[in-house]
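Here's the letter readout for the chains.
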Amino acid sequence: MDFWFTAFMFAIAILIAVGGSLLLVGYFGTLPASFAFGWKSWLPTLALPIVGPIWFAGRHWSEFSKPGKQLIFGVLLFVVAIALLYGFGPHFVDRMAASGMYRE
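Below, the structure is looked at part by part. (Residues numbered from 1 in each chain as written. Predicted model: local features only at pLDDT ≥ 70, side-chain atom pairs only at ≥ 80, totals over all residues. Heavy atoms only, no water.)

1. Re the packing of aromatic side chains
Reasoning step 1: Counted by the stated rule, this structure contains 8 aromatic pairs.
Reasoning step 2: Ring centres of Phe37 and Phe56 lie 5.5 Å apart, and the angle between their planes is 65 degrees; this geometry places the pair in the edge-to-face category. Here Phe56 lies in helix 3 (residues 51-59) and Phe37 lies in the loop between helix 1 (3-34) and helix 2 (39-47), a separation of 19 residues in the sequence.
Reasoning step 3: Through successive ring pairs, a cluster of aromatic residues spans Phe5, Phe8 and Phe92. (Phe/Tyr/Trp six-rings, centres within 6.5 Å; stacked < 30°, edge-to-face > 60°. Helix = DSSP H or I, 4+ residues; strand = E, 2+ residues; numbered from the N terminus.)

Structure, rendered in structure tokens:
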């Protein structure tokens, strides 16, 4: 393994960890509050794990802008991590295969 592969994996791990943390914090900020607004608000929030809380925070943005922003940035960090993984992952696999790292 070289330095760039380690840095690549570290970047993906940090993006997933921070994005997951933001998603959890935003989800726990919106889900209990949605129960106070009736079943028409908590049912989509509970049934649709990512879209539901973002929808709820968008409908009540003045009160739930902070959890809404946490959810949006968490999803964006996940998208960046997946784009990095699928964008540059094959490059690192080709480099490892060319260096003979996968010998039988």
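There is more to say after this.
2. Here's the deal with the nonpolar core
Reasoning step 1: Core analysis: the largest hydrophobic core is formed by 5 residues, namely Phe5, Phe8, Ile12, Phe92 and Met96.
Reasoning step 2: Within the residue set of this core, elements represented by two or more residues are helix 1 and helix 4 (65-98).
Reasoning step 3: For this core, the element with the most residues is helix 1, which contributes 3 residues. (Core = buried A, V, L, I, M, F, W, Y, C linked by side-chain atoms within 4.5 Å. Buried < 20%, exposed > 50% of the residue type's maximum accessible area, 1.4 Å probe, protein only.)

3. Regarding the packing of helix 1 against helix 3
Reasoning step 1: Packing of helix 1 against helix 3 brings their axes to within 10 Å, and their N-to-C directions diverge by 70 degrees. Considering the angle they form, helix 1 stands roughly perpendicular to helix 3. You can see that helix 1 and helix 3 cross each other, and the crossing is left-handed. Here Tyr27, Thr30, Ala33 and Ser34 of helix 1 lie close against helix 3, whose contacting residues are Pro53, Phe56 and Ala57.
Reasoning step 2: Here the contact of helix 1 with helix 3 is built from residues that sort into 5 nonpolar, 2 polar and no charged. (Axes fitted to C-alpha atoms, helices over the stretch in contact; angles between N-to-C directions. Parallel < 35°, antiparallel > 145°, perpendicular 65-115°, else oblique. Left-handed = near helix turned anticlockwise from the far one by under 90°. Contact = heavy atoms within 4.5 Å. Nonpolar A, V, L, I, M, F, W, Y, C, P; charged D, E, K, R; others polar.)

4. Quick look at helix 4
Because an α-helix packs 3.6 residues into every turn, residues spaced three or four apart end up facing the same way.
Reasoning step 1: Taking 1.5 Å per residue, 34 residues should reach 50 Å; helix 4 reaches 49 Å between its end C-alpha atoms and fits that length.
Reasoning step 2: The largest bend in helix 4 amounts to roughly 40 degrees and is located at Phe88, with the proline Pro90 lying one to four residues further along.
Reasoning step 3: Along helix 4, the positions that sit buried rather than exposed are Pro67, Gly68, Gln70, Leu71, Gly74, Ala81, Gly89, Phe92 and Met96.
Reasoning step 4: Where helix 4 is buried, its residues contact helix 1 and helix 3. (Expected span 1.5 Å × (residues − 1). Bend = angle between axes of the 7 residues up to and from the residue.)

5. Points about a nonpolar patch on the surface
Reasoning step 1: On the surface, Trp61, Ile72, Phe73 and Leu76 cluster together into a nonpolar patch covering about 380 Å² of accessible area.
Reasoning step 2: By the element assignment, Phe73 lies in helix 4. (Patch = residues over 30% accessible without salt bridge, like charges linked within 9 Å, V, L, I, M, F, W, Y side chains within 5 Å. Areas by Shrake-Rupley, 256 points an atom, 1.4 Å probe, with all protein chains shown as cover. Salt bridge = Lys/Arg side-chain N within 4 Å of Asp/Glu carboxyl O.)

6. As for the environment of Met9
Reasoning step 1: Examined against the element boundaries, Met9 turns out to sit in helix 1.
Reasoning step 2: Here Met9 falls in the partly exposed class, since its relative accessible area comes to 36%.
Reasoning step 3: Spatially, the C-alpha atom of Met9 lies 42 Å from that of Trp39, the residues being 30 residues apart in sequence.

7. What to know about the side chain of His60
Reasoning step 1: Position of His60 among the secondary structure elements: in the loop between helix 3 and helix 4.
Reasoning step 2: Of the residues examined, His60 reaches a relative accessible area of 14% and is grouped as buried.
Reasoning step 3: Apart from residues lying up to four places away in sequence, His60 is in contact with Phe37 and Ser41.

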